[in-house]
Each structure stands twice: as structure tokens, then as C-alpha cells.
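Here's the letter readout for the chains.
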Amino acid sequence: IADTQNSLGQAIVDAQNDIGKGIVEAQNALGQGMVDSQNALGQGIVDSQNYITLQHNVLGEWLHTNLCVIYEALDGSCSREVGPLKEDQ
């Protein structure tokens, strides 16, 4: 009887351990999925911000070039000077 009780007790403990291990593995998998999703979203945000910056730079260059063409056509001069503009510039 004692051997049977010990075997039954061990089977119960083994089943509980297996269930616990399954729960931990499921939690780990869910946690990893969440981290992977957050990383993908973060990378998407960075990529979007970088592309917006690129568009801003391209638009600024286009605007500068075209304003220079217009200004030079009106006998003005155009340069990449940064800072306060001088009179008639």
C-alpha cells in the first residue's frame, strides 16, 4: 500500500511539475512575442522618422534651388549662407 501511495504521490507531483513547466513556457513565449512586437513597432517608428527627415531635407534643397533660380532671374544672388541676411539678399 505504501508503495502504491508513493507512486501515486509521485505521479501527482510529476503532473503538477509538467503543468507548471508548460505554464512557464507559455508565459515565456507570450513575453517574447510582446517584446518582438514592441521592437518591430519601435523600428517602424524610427524608419518613419528617418524618412520624414529625408523628405524634409529633399524638400528644403528643392525649395532653395528653385528660389535661387527665381532670385537670380531677377538679378539677385544666391548662396548657402546661414545667419542673418544682409540687406538686399
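Quick caveat: nothing in here was measured; it's all calculated off a predicted structure.

*Asks:* How should I be thinking about the state of the cysteines in this particular structure?
*Replies:* Cysteine pairs can be linked by a disulfide, which is a covalent bond between their two sulfur atoms. A complete count under the given rule lists one disulfide for this structure. A sulfur-sulfur distance of 1.5 Å marks the disulfide that ties Cys68 to Cys78. Of the two residues, Cys68 sits in helix H1 (residues 2-73) while Cys78 sits in the segment after H1, which places them 10 residues apart along the sequence. What makes Cys68 buried here is its relative accessible area of 9%. Residue class for Cys78 comes out partly exposed when judged on its relative accessible area of 28%.

*Asks:* Any chance you could explain a nonpolar patch on the surface here in plain terms?
*Replies:* A cluster of nonpolar residues, Leu59, Trp62, Leu63, Leu67, Ile70 and Leu74, forms a patch on the protein surface that exposes about 670 Å² of accessible area. Looking at the element boundaries, Ile70 is found in helix H1.

*Asks:* What should I look at first to understand H1 in this one?
*Replies:* Along an α-helix, residues three or four apart share an orientation, since each turn contains 3.6 residues. Helix length check: H1 (72 residues) gives 106 Å between terminal C-alpha atoms against 106 Å at 1.5 Å per residue, within 8%. Just beyond H1, the residue with positive phi is Asp75, at close to 65°.

*Asks:* What is the right way to look at unusual backbone geometry in this model?
*Replies:* What is expected of a backbone is that most residues other than glycine have negative phi and most peptide bonds are trans. In this structure, Asp75 is a non-glycine residue whose phi angle is positive, near 65°. Here Asp75 shows up in the segment after H1. On the accessibility criterion, Asp75 (75% relative accessible area) is exposed.

Rules behind the numbers
Residues numbered from 1 in each chain as written. Predicted model: local features only at pLDDT ≥ 70, side-chain atom pairs only at ≥ 80, totals over all residues. Heavy atoms only, no water. Disulfide = S-S within 2.5 Å. Helix = DSSP H or I, 4+ residues; strand = E, 2+ residues; numbered from the N terminus. Buried < 20%, exposed > 50% of the residue type's maximum accessible area, 1.4 Å probe, protein only. Patch = residues over 30% accessible without salt bridge, like charges linked within 9 Å, V, L, I, M, F, W, Y side chains within 5 Å. Areas by Shrake-Rupley, 256 points an atom, 1.4 Å probe, with all protein chains shown as cover. Salt bridge = Lys/Arg side-chain N within 4 Å of Asp/Glu carboxyl O. Expected span 1.5 Å × (residues − 1).

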